[in-house]
Amino acid sequence: MRLGTLEAGGTKMVLSIGNEQNELLEQLTLPTETPEVTIPAMLAWFLERKIDALGIGTFGPVDLNPASPTYGWITSTPKLAWQQAALLPILRDGLRVPAKIDTDVNAAALAEWKLGAARGLNSCMYVTIGTGVGAGLVVEGRLVHGLLHPELGHMLLRPESGDPSPKGFCPFHESCLEGLASGPAMEKRWGKKAFDLPPDHEAWDLEADYLAQMCMNALCAFSPEKIILGGGVMQQKHLFPRIREKTRVRLNGYIRHPRILNGLEDLITEPGLGTRSGALGALLLAREALEERA
Ligand code: ADP
Ligand code: ZN
């Protein structure tokens, strides 16, 4: 069985071929240009490899309602060339294989739930803190879609005192999570790449404050059994203990569960699948697409 996976991002497309043993065997990375350029290149690569099904984890917003005439279309993205791009239908019809799509972060949450840090649980949240901030959510054993899909990156936060840029940098909202805490937001605030800010720089304490606000909001709103933090910014491992401690302090003893009172050590964690959550999530979507057809 050859399962095609696509991680569709605003800057790059990562394609791979996997199997039913959840092994990823071969990979190709393409820059995200216009749909007219990039989609035919992806089609050609998958066609050559004769895949049996395709799973897609994509940037969004994307229409995920299977009953909608624009199912699998990118909708209102700031990447203008991709607005109203029929990503799923073009690939599915071009390859003539069953295909399934979800957000990149829902795909990652699916993989962490089935194969990674949240294995055996009924709920989890996967948050990426990178070029953007987004979250995928499993609640009561199901990926959450709802009206469109969660957009947790744009939850409003309370600006911290001492933040030189308390309004953040989101073009849509003042003081939303992505605008305050994404990698590019850190770079704009401090005039340096996040990568180049030393661990004792005040930037990281502020970053942990905002991510702790997000964790508190998520724990209060969805009660996830695991919050998995990934993405480029979370390569700074010193953030984890700070975020746990700040979340505990903010909750202030209100949720009296031992996993919170004992320091959130196994509640707020790194991905169990490293940087492969997204691709393995797309692989699981491809398998679901096959099973749903059968
Ligand atoms: P993307 O979100 O585009 O898929 P990443 O998750 O790698 O990609 O996020 C890229 C962002 O993460 C950039 O803003 C970059 O500055 C930041 N970043 C990447 N690696 C690190 C690192 N080791 N430490 C801090 N920030 C990083
Ligand atoms: Zn926003």
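Placed above this text is the structure.
> How should I be thinking about the coordination of the zinc ion (ligand 2) in this particular structure?
Put simply, a metal with four donors set out as a tetrahedron has ideal angles of 109.5 degrees, and one with six donors set out as an octahedron has ideal angles of 90 or 180 degrees. Ligation of the zinc ion (ligand 2) by protein atoms is provided by His154 (ND1), Cys170 (SG), His173 (ND1) and Cys176 (SG), these donors lying 2.1 to 2.4 Å from the ion. The site at the zinc ion (ligand 2) holds 4 donor atoms, and with the angles between them running 102 to 124°, its shape is tetrahedral. Ordering the donors of the zinc ion (ligand 2) by residue number gives the pattern H-x15-C-x2-H-x2-C. With His154 in the loop between strand S8 (142-143) and helix H4 (177-181) and Cys170 in the loop between S8 and H4, this pair connects stretches of sequence that are 16 residues apart. Residue classification places His154 among the partly exposed positions, given a relative accessible area of 21%.

> Honestly, the layout of surface pockets in this entry has me stumped. Any pointers?
With a probe scaled to a water molecule rolled over the atoms, the places where space remains empty come into view. By volume, the second largest pocket amounts to about 400 Å³. Lys100, Asp102, His145, Glu288 and Glu292 are the residues nearest the centre of the second largest pocket, which is lined by 19 residues in total. For the lining of the second largest pocket, the elements supplying multiple residues, two or more each, are strand S5 (99-103), helix H3 (104-115), S8 and helix H9 (277-293). A total of 5 residues in the lining of the second largest pocket trace back to one element, the largest contributor, which is H9.

> Help me out: how do you make sense of the nonpolar core in this one?
One broad trend across soluble globular proteins is that nonpolar side chains are buried collectively. If you look at the biggest cluster of nonpolar residues, it comprises 38 residues, and the most contacted ones within it are Met125, Val127, Met214, Ile227, Leu229 and Ile243. For this core, the secondary structure elements donating two or more residues are strand S6 (124-129), strand S7 (133-139), H4, helix H5 (183-190), helix H6 (202-222), strand S9 (227-230) and helix H7 (239-251). Ranked by residue count, the leading element in this core is H6, at 10 residues. Contact partners of Ile243, with chain neighbours within four places excluded, come to Ala208, Leu211, Ala212, Cys215, Leu229, Met234 and Ile268. Ile39, Tyr71, Trp82 and Leu91 belong to the second largest nonpolar core, which has 28 residues in total.

Each value, and the rule that gives it
Residues numbered from 1 in each chain as written. Chains lettered and ligands numbered in written order. Predicted model: local features only at pLDDT ≥ 70, side-chain atom pairs only at ≥ 80, totals over all residues. Heavy atoms only, no water. Donors = N, O, S within 2.8 Å, 3.2 Å for Na, K, Ca; no water. Tetrahedral: all angles 85-135°; square planar, octahedral: opposite > 155°, others 65-115°. Helix = DSSP H or I, 4+ residues; strand = E, 2+ residues; numbered from the N terminus. Buried < 20%, exposed > 50% of the residue type's maximum accessible area, 1.4 Å probe, protein only. 1 Å grid on protein atoms, 1.4 Å probe; cavity = no way out; pocket = protein on both sides within 12 Å on 5 of 7 lines; lining within 4 Å. Points joined across faces, edges and corners; volume = space filled by probe spheres on them. Core = buried A, V, L, I, M, F, W, Y, C linked by side-chain atoms within 4.5 Å. Contact = heavy atoms within 4.5 Å.

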